[in-house]
Amino acid sequence: MNRRARGQVTVVGITGSAGKTTTKDLCAAILAGHAPVHSSRRSQNEHDAVAETVRGIGPEHRFCIVELSAGEPGYLDLPLRLARPRVAVLTMVARDHFSAFKSVEAIAREKGKLVESLPPDGTAVLNIDDPLVRAIGERCGRRVIWVGEAEGATLRLLRVRSNWPEPLTLDVEYRGIAYTVTTRLNGRQLALSVLSALGVAIALGIPLEEAIPGLMCVGSTEGRMQIVRSSNGVVFVRDDWKAPLWSIQAPFEFMRDAQAVRKVLVIGTLSDYSLSASKLYPKVARQALEIGQLVVFVGPHALRALKAGTDDPSRQLRAFPSLRDASEYLHSALRPGDLVLLKGSHKTDHLVRLVLDRERRIACWQEKCGRSNFCGVCDQLYAAASAPPVRAGTDRGFAVPPPGREVPDPAGLVVVVGLGNPEPKYADTPHNVGYRICDQLAAGAGGFWEAGPEGQLSLITGNGRTVLLFKPGVSMNRSGEPVRSFLERHGAGVDQLIVVHDDMDLPLGEVRLKREGGDAGHKGVRSVIGSLGSGQFRRIRVGVRRHGEHEEARLLVLVPFAPSERNSLGKGLSRASDMLGEMLWASRPACRGASEGTRTPTPFGT
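Residues numbered from 1 in each chain as written. Predicted model: local features only at pLDDT ≥ 70, side-chain atom pairs only at ≥ 80, totals over all residues. Heavy atoms only, no water.

Examining the sheet that holds strand β8 (residues 169-174)
Sheet architecture is open: 9 strands sit in the order β2-β3-β1-β4-β5-β6-β7-β8-β9, paired in mixed fashion. Looking at strand neighbours, the two that pair on one side only are β2 (37-39) and β9 (177-182), the edges of this open sheet. Averaged over neighbouring strand pairs, the angle between their axes works out to 20 degrees when direction is ignored. Across the sheet, helix α2 (residues 20-32) lies against β1 (10-15), β2, β3 (63-67) and β4 (87-90), angled at about 175 degrees from β3, the strand it touches most. Here helix α8 (residues 191-203) sits on the sheet and contacts β1, β4, β5 (123-127), β6 (143-148), β7 (155-161), β8 and β9; the angle it forms with β6, its principal contact strand, is near 150 degrees. (Pairing = 2+ DSSP bridges. Helix = DSSP H or I, 4+ residues; strand = E, 2+ residues; numbered from the N terminus. Axes fitted to C-alpha atoms, helices over the stretch in contact; angles between N-to-C directions. Contact = heavy atoms within 4.5 Å.)

What about the nonpolar core?
Core analysis: the largest hydrophobic core is formed by 97 residues, its most contacted members being Leu198 and Phe297. A per-element tally of this core places α8 first, with 10 residues. Beyond its immediate chain neighbours, meaning those up to four positions away, Leu198 contacts Ile30, Leu155, Val181, Leu208, Ala211, Ile212 and Leu215. By size, the runner-up hydrophobic cluster in this structure holds 31 residues, among which are Cys64, Leu76, Ala106 and Val144. (Core = buried A, V, L, I, M, F, W, Y, C linked by side-chain atoms within 4.5 Å. Buried < 20%, exposed > 50% of the residue type's maximum accessible area, 1.4 Å probe, protein only.)

A word on the pattern of salt bridges
Pairing between side chains of opposite charge can happen when the charged atoms of each approach one another. Applying the stated criterion across every chain yields a total of 24 salt bridges. For the salt bridge of Lys471 with Asp439, the shortest nitrogen-to-oxygen distance reads 2.8 Å. In this pair, Lys471 sits in strand β19 (residues 465-472) while Asp439 sits in helix α14 (residues 433-444), placing the two residues 32 residues apart along the sequence. A relative accessible area of 11% places Lys471 in the buried class. A relative accessible area of 30% places Asp439 in the partly exposed class. Through salt bridges with shared partners, a single network forms among Asp77, Glu110 and Lys113. (Salt bridge = Lys/Arg side-chain N within 4 Å of Asp/Glu carboxyl O.)

Focus on the sheet that holds strand β15 (residues 338-343)
Here 6 strands make up an open sheet; going across it, the order is β10-β11-β15-β12-β13-β14 and the pairing mixed. Of all the strands in the sheet, the pair left with one neighbour each is β10 (226-229) and β14 (316-320). Within the sheet, the average angular offset between the axes of one strand and its neighbour, ignoring direction, is 20 degrees. Here 4 bridges tie β10 to strand β11 (residues 235-239), and the two strands are oriented antiparallel to one another.

Some thoughts on the confidence of the model for the protein
Mean pLDDT for the protein: 85, with 89% of residues reaching 70 or above. Low pLDDT (under 50) marks residues 384-409, which in the prediction has 48 contacts with non-local residues, meaning those over four places away or in another chain. Residue range residues 587-606 is modelled with pLDDT below 50. Its contacts to residues more than four positions away, or to other chains, number 49 contacts. (pLDDT = per-residue confidence, 0-100.)

Set out below in structure tokens:
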């Protein structure tokens, strides 16, 4: 860096719990209309990025804008020595990085170092509406440009509106003169970034009449209320940079005020909350259901949201632990005119893949990859892409029935789903007992298997009842979407469903009936519950834990049965078939040889 040039450059430092990158971009646009500007790239605000930004200052630059992270105690010390700002912007103090600081007051002290580092003739641009920020400004001993709604603000916000498809617009007052500020941004929460950028202009002596037009040069920052229009008429609102709990109400308010044919909210992993996850996610789900007609949760805590439930037929709640399964679902569920909010963490969820996969099939669905960049610039996104699978749910008609058989009446239909893996090498493993029991039922009733859009199906009848047997044509852990699509195509509800699956919590050959509930750690059942948005269906649990086995289930479910185990296995398959027969036909005796503690099943639907 040219030392002489360094002295001629005014450095603007920006920190805060939210709005840093947008403020930085708006400042750069305003100042660029007056002199050459150098600024931080994208959202790069860690030590190395700050050093790179400062080194990049050239003799031609008049201003440098540096975004600064304060993620842990003492983190600002080094970058402040490097940057030496003359103007400091502190947007707000919230609970981001609370686990590192243990209190919001400690967070405020760290962020306040930016203001304390100013020279005596420096200027701070501060949010008057944040009590912690206000306290920093009142004791800093420097010139302060206050921005916000409260009385006493140097640049006062009079009114703010952001009603999609109309952009964010502000009415502000400065020195008794009112101004209307139109932007290309969305969401009232970004008004603070606009005010802060205009506050920097005031601090540097740039008239508002000259600063305001520069704001129109800036669109939404990636992942911060960014509008993305897909080729098939779906509009996404990407607010997927981070998702601390305190930040979720602002995009919810944006969706509530928006004008759209249908509103869809997709929510990933939340952070920085004090409630337990089991209480938090249902609470957030209930709030989301007040706004959107379709609410989808994604990630490791997604299934917890289903506790919220909904009795309103116009509101749907879905949950997917797997982002790939969520994408499969949304391919068929979204339609032109939908406005879709994506709220999550880019480090944990990478929700942008839901948008990218609609335009071109992506290859990477990795979870917890550790990369901090958005997926659009990742070299793994399309690497080794295989031929795209058939999308579940694209065919809304009935399956073609076998010759001589009629399309079943949905009202009297029962659907039995056997979970398993379709590859032949897994045929004789514990994970495939669901498939095998469906095979036994089909053979005993004279049914035969045919290929359908989602897997293999067989139609059998008896005692005045029609039964559809279904084996999903995907790996066990992704069973949910084919099951959901299969039920929808045949007009069947969750109350008409029976799922048959292996259970490592039961000894080999033991069989239990479970009428409803959670997944008990079974990932195939978890996928089904997530896709259906409900655990209110019956299951036949077939024990596959072999004598003397103590390893984790994941290490055993794909190990083929030994010849010595076939007798116990056969008894278990027969017991499960008998139990299903009693439930389906209500004419066979109670399950023969059921293990102690097994309840005698009642006919389906009673």
